[in-house]
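Examining the three-dimensional arrangement
So you can see what is in the structure, the chains are spelled out below.
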Amino acid sequence: MKKYLIKLTAILVIAFLLLPTQIARAHPADIYAHTINITLTQSDMQLEWQIKPGLLLVNFIWNEMDADQDGLVSDSEAESWSASRLNLLLVSLNGKSLPLTVDSIQIPSTLQAFQAGEEFIVFNFSTDLSENTNNAQRIVIENGMETAKSINWFYLTAEDNSAFLFPAQKSHILTIDHIRNPETIEDQSRLLTAWDSGAPALPFGQQKDVVTETAEQVVPELQERSPQEILLDLVRSKELSFTFYFFALLIALALGALHALTPGHGKTVVAAYLVGSRGTSWHAIVLGTIVTLTHTGSVFLLGILTLAASQYFLPTTVIPFLEILSGVLILGLGVYLLWQRFVFWRNSKKPKEPQPKRVSLTPKINVT
């Protein structure tokens, strides 16, 4: 028995090491979307920093800001919460740190508006560029807020007869070659007065999947606005007919069915169980229904618990442990099924002992 266990463990370890690895991707519900609008002139620079946290982050951030828990964020609470965040936007001019002046701080008026995406956090900065007399000056803007789970859009505009060369962006870092007097540049075709990221810059080490790239090609608006914002605008519309709701339900059912075909929904385990237990079509229907109900129910339950507890801690700190727990449960179930098949196979290889012939002790009675 011990020999079989050692072999089985070795096979599982080798299979685990040979599994393909993929780069982790953040979910839209637990990331920060940053939009940074930059306006350059010959003498100064203005920055508008918009922060849109995902749904799983909204409650926690709101309760951090609302220190007295009265349902509103006062000016003093907003300033206190913003104090440690304002320094995360770093700007340098020709390699030297450039101080920023905070012009205004805008915080959502209510939690409901914050959750619905109608209002978000906005910081406005300004800084003086006149001390540097060089015609060409390099400006580097770095957003250091939660870089591992943030996407960044940059919008750049040059005014007051100034311009800039094509910027270089690496995730949360934007490098700008600002030209204060464009008339001195020989090749005027290289100069720009307006530029934007065009698509969200994902955090370092993350890549877009095929579905996201295809969706952005079909719906170009997705490059500038998140799917959540587009869906919210659609739901807020008051002119919705019965036909709209009917087709929306059909589309939701179709998308749910397609979603269930993607990896990670226990199809392999279910199929292995049905094959191993020689299940019938009726067993497959019953098992599929149970899996569907439990999967949907667990999602609703987890969502309700997460939203209820999100005011006390960040859900993103708990999600990794839940993922590990679910992975361990699936792994344990897979090992159990594999062990069952292994025991059945081992027993089938054993020679069957001859069964002794049964001798009837009941006397035969002849009836004439």
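This structure is a prediction, so every number in the text was calculated from the model and none was measured.

Conventions and cut-offs
- Residues numbered from 1 in each chain as written.
- Predicted model: local features only at pLDDT ≥ 70, side-chain atom pairs only at ≥ 80, totals over all residues.
- Heavy atoms only, no water.
- Helix = DSSP H or I, 4+ residues; strand = E, 2+ residues; numbered from the N terminus.
- Expected span 1.5 Å × (residues − 1).
- Buried < 20%, exposed > 50% of the residue type's maximum accessible area, 1.4 Å probe, protein only.
- Arc of directions from axis to C-beta.
- Contact = heavy atoms within 4.5 Å.
- Pairing = 2+ DSSP bridges.
- Axes fitted to C-alpha atoms, helices over the stretch in contact; angles between N-to-C directions.
- Salt bridge = Lys/Arg side-chain N within 4 Å of Asp/Glu carboxyl O.
- Polar contact = N/O pair within 3.5 Å; in protein donor to acceptor, adjacent residues only side chain to side chain.
- pLDDT = per-residue confidence, 0-100.
- Phe/Tyr/Trp six-rings, centres within 6.5 Å; stacked < 30°, edge-to-face > 60°.

**Quick notes on helix α3 (residues 75–86)**
Under the 1.5 Å per step criterion, the end-to-end length of α3 is 15 Å for 12 residues, consistent within 8% with the ideal 16 Å. Regarding α3, the residues found buried are Glu 77, Ala 78, Trp 81, Ser 82, Arg 85 and Leu 86. Down the axis of α3, the sector holding all buried residues measures 150°, keeping them to one side. Seen from the open side of α3, the exposed residues pointing more than 90 degrees away from its buried face are Ser 76, Glu 79 and Ser 80. The inward-facing, buried residues of α3 abut β2 (44–53), α2 (55–65), β3 (89–93), β5 (101–106) and β6 (121–128).

**Brief notes about the sheet that holds strand β12 (residues 194–196)**
Ordered by their spatial adjacency, 6 strands build an open sheet running β5-β6-β2-β1-β8-β12, and the pairing between neighbours is mixed. Because the sheet does not close on itself, it has two edges, and the strands there are β5 and β12. Strand after strand, the sheet turns through a mean of 15° between neighbouring axes, direction not considered. Where strand β8 (residues 150–158) lies against β12, 3 bridges are found, and the strand directions are antiparallel. Looking across to β12, one finds that Tyr 155 is bridged to Asp 196. The strands touched by α2 are β1 (32–40), β2 and β6; relative to β2, the strand with the most contacts, the crossing angle is about 105°. Here α3 sits on the sheet and contacts β2, β5 and β6; the angle it forms with β6, its principal contact strand, is near 55°.

**With respect to the pattern of salt bridges**
A pair can form between side chains of opposite charge whenever their charged atoms are brought close. Overall, the coordinates contain 2 salt bridges when judged by the stated rule. One salt bridge connects Glu 64 with Arg 85, and the closest N-O pair in it is separated by 3.0 Å. Of this pair, Glu 64 sits in helix α2 while Arg 85 sits in helix α3, placing them 21 residues apart in sequence. In this structure Arg 85 comes out as buried when scored by relative accessible area, which is 18%. Close ionic contact of Asp 177 with Arg 138 constitutes a salt bridge, the shortest N to O distance being 2.8 Å. Of this pair, Asp 177 sits in strand β11 (residues 173–179) while Arg 138 sits in strand β7 (residues 136–143), placing them 39 residues apart in sequence. With relative accessibility at 23%, the residue Asp 177 sits in the partly exposed group.

**Quick look at the side chain of His 34**
Within the secondary structure, His 34 is located in strand β1. With relative accessibility at 0%, the residue His 34 sits in the buried group. Within the local environment of His 34, its side chain forms a polar contact with the side chain of Asn 143, the two groups lying 3.3 Å apart. His 34 has contacts with Trp 49, Gln 50, Ile 51, Asn 143, Met 145, Ser 150, Ile 151, Asn 152 and Trp 153, leaving out every residue within four places of it along the chain.

**Describing the side chain of Ser 150**
Considering the arrangement of structural elements, one finds Ser 150 in strand β8. A relative accessible area of 1% means that Ser 150 is categorised as buried. Here the side chain of Ser 150 touches His 34 through a polar contact of 3.1 Å, side chain to side chain. A polar contact of 2.6 Å, which involves the side chain of Ser 150, links it to the backbone oxygen of Glu 146.

**Brief notes about the confidence of the model for the protein chain**
Confidence in the prediction for the protein chain averages 78 pLDDT; 70% of positions are at 70 or higher. Scored below 50 in pLDDT, residues 13–26 shows 10 contacts in the model against residues more than four places distant or in partner chains.

**Thoughts on the environment of Asn 161**
The topology assignment puts Asn 161 in the loop between β8 and β9 (163–164). Sequence-distant contacts of Asn 161, defined by excluding residues within four places in its chain, comprise Gln 42, Arg 180, Pro 182 and Glu 183.

**Side note on the packing of aromatic side chains**
Scanning all chains against the criterion turns up 8 aromatic pairs. Geometrically, the ring pair formed by Phe 246 and Phe 247 is edge-to-face, given 5.7 Å between the ring centres and 80° between the ring planes. When its relative accessible area of 41% is taken as the criterion, Phe 246 is described as partly exposed. Relative accessible area serves as the criterion here: at 46%, Phe 247 is assigned to the partly exposed category.

**Concerning the environment of Ala 116**
Among the structural elements, Ala 116 can be located in helix α4 (residues 111–116). Overall, the relative accessible area of 22% leaves Ala 116 in the partly exposed class. Along the sequence, Ala 116 and Val 58 sit 58 residues apart, while their C-alpha atoms lie 9.8 Å from each other.

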